[in-house]
Amino acid sequence: MKSKPGMTPYIAHLSYFIVALQESHSCLLSGAVSLCNPFNLVIADEDFHKGFNNVYDRALANSLRKIFKKHALLFEDMEGEFNISLAANAKTVREFDDGLTRVSFGFKSVDDYYSNSSSSNSIINVRTPLLCIQAANDPIAPSRGIPRKDIEENSNCLLIVTPKGGHLGWVAGSEAPRGCPWTDPHVMDFLEHIEHGKSASAACANDLETMNSSVTDRFQHLEV
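Note that residues are indexed from 1 along each chain, following the sequence as it is written. The predicted origin of the model limits local features to residues at a pLDDT of at least 70 and limits the giving and counting of side-chain atom pairs to 80 or more, whereas totals for whole chains, interfaces and linings rest on all residues. The side-chain numbers reported here are obtained from all heavy atoms of the structure, hydrogens and water having been left aside.

The name recorded for the protein chain in an unreviewed UniProt entry is Embryogenesis-associated protein emb8, from Nicotiana attenuata. UniProt positions are given in the numbering used here, feature names are shortened, and annotations may be inferred rather than shown by experiment. On record in UniProt, under Sequence similarities (unreviewed entry), the comment for the protein chain is "Belongs to the AB hydrolase superfamily. AB hydrolase 4 family."

Here is the structure:
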């Protein structure tokens, strides 16, 4: 995946995180958890322009503009295809990415950037235990973009899809809104299971299969 120093978009971080899990021989992580990951950025972008999702799109674009304007002087003499005016006045995340982000990463177009930066491309190569928790009604990470088949066929990956939860909006049941999010204890269970394994490599296949069965039993009312 192409990259250039100094650029740190949220979606790019997710891709680098997933890619790092492929490097089992050098990866310092013994396990990882991904929450509400927009696995397929092309699909996420398509859904971002539909219905009420436009509200999220405009809000995120507004935040990106504010951040950019604080550092706009850094781009005054920058070479390349940067469209500073488009980024500074972007009304959508896609416009901001077209004017700034995709150029920073060296991609020819926004679609090229989204397609090649999607973490769904790397799931089949994950070699470190990975728990993915998604919500079926997530407006930012669409359920239809989840690489279900690749996750199912990779013994190092475990997927939980809750019927509701929005984007990182899980609540704590009867303790809401003061209790911890619903995901917290289950994430800790998974990480403690990995930590208690004999080693990072030993935790991968056999232990994760045991974890799969355990979680499936505990969350039988959800889509696993």
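> Tell me what's going on with the nonpolar core, and back it up with residues and numbers.
By nonpolar core we mean a set of buried residues, namely Ala, Val, Leu, Ile, Met, Phe, Trp, Tyr and Cys, connected to one another through side-chain atoms within 4.5 Å. Relative accessible area decides the class of each residue, using a 1.4 Å probe on protein chains only: under 20% of the type maximum gives buried, over 50% gives exposed, and in between gives partly exposed. Grouped together as the largest cluster of nonpolar side chains are 11 residues: Ala32, Phe39, Ile123, Val126, Leu130, Cys132, Ile146, Ile151, Cys157, Leu159 and Val161. No other element matches the 3 residues that strand β3 (residues 157–162) contributes to this core. Residues Leu131, Ile133, Ala135 and Phe190 belong to the second largest nonpolar core, which totals 10 residues. The way it works is that DSSP assigns letters per residue, a run of H or I at least four long becomes a helix, a run of E at least two long becomes a strand, and they are numbered from the N terminus.

> Explain the pairing of β3 to me, and be specific about the residues and the numbers.
Among the 6 residues of β3, 6 are classified as buried, and the element is accordingly described as predominantly covered. Covered by surrounding structure in β3 are Cys157, Leu159 and Val161 together with Leu158, Ile160 and Thr162, the residues of both alternating faces. By convention a crossover is right-handed if, when the strands point away from the viewer, the path from the first strand over the helix to the second runs clockwise. The handedness of the strand β2 (residues 130–135) to β3 crossover, carried by helix α7 (residues 148–153), is right-handed.

> Give me the environment of glycine 166: which residues, what numbers.
For glycine 166, the position within the fold is in the loop between β3 and α8 (183–195). Of the residues examined, glycine 166 reaches a relative accessible area of 16% and is grouped as buried. Apart from residues lying up to four places away in sequence, glycine 166 is in contact with Cys36, Ala135, Asn137, Asp138 and Pro139. Should any heavy atoms of two residues lie within 4.5 Å, those residues are considered in contact.

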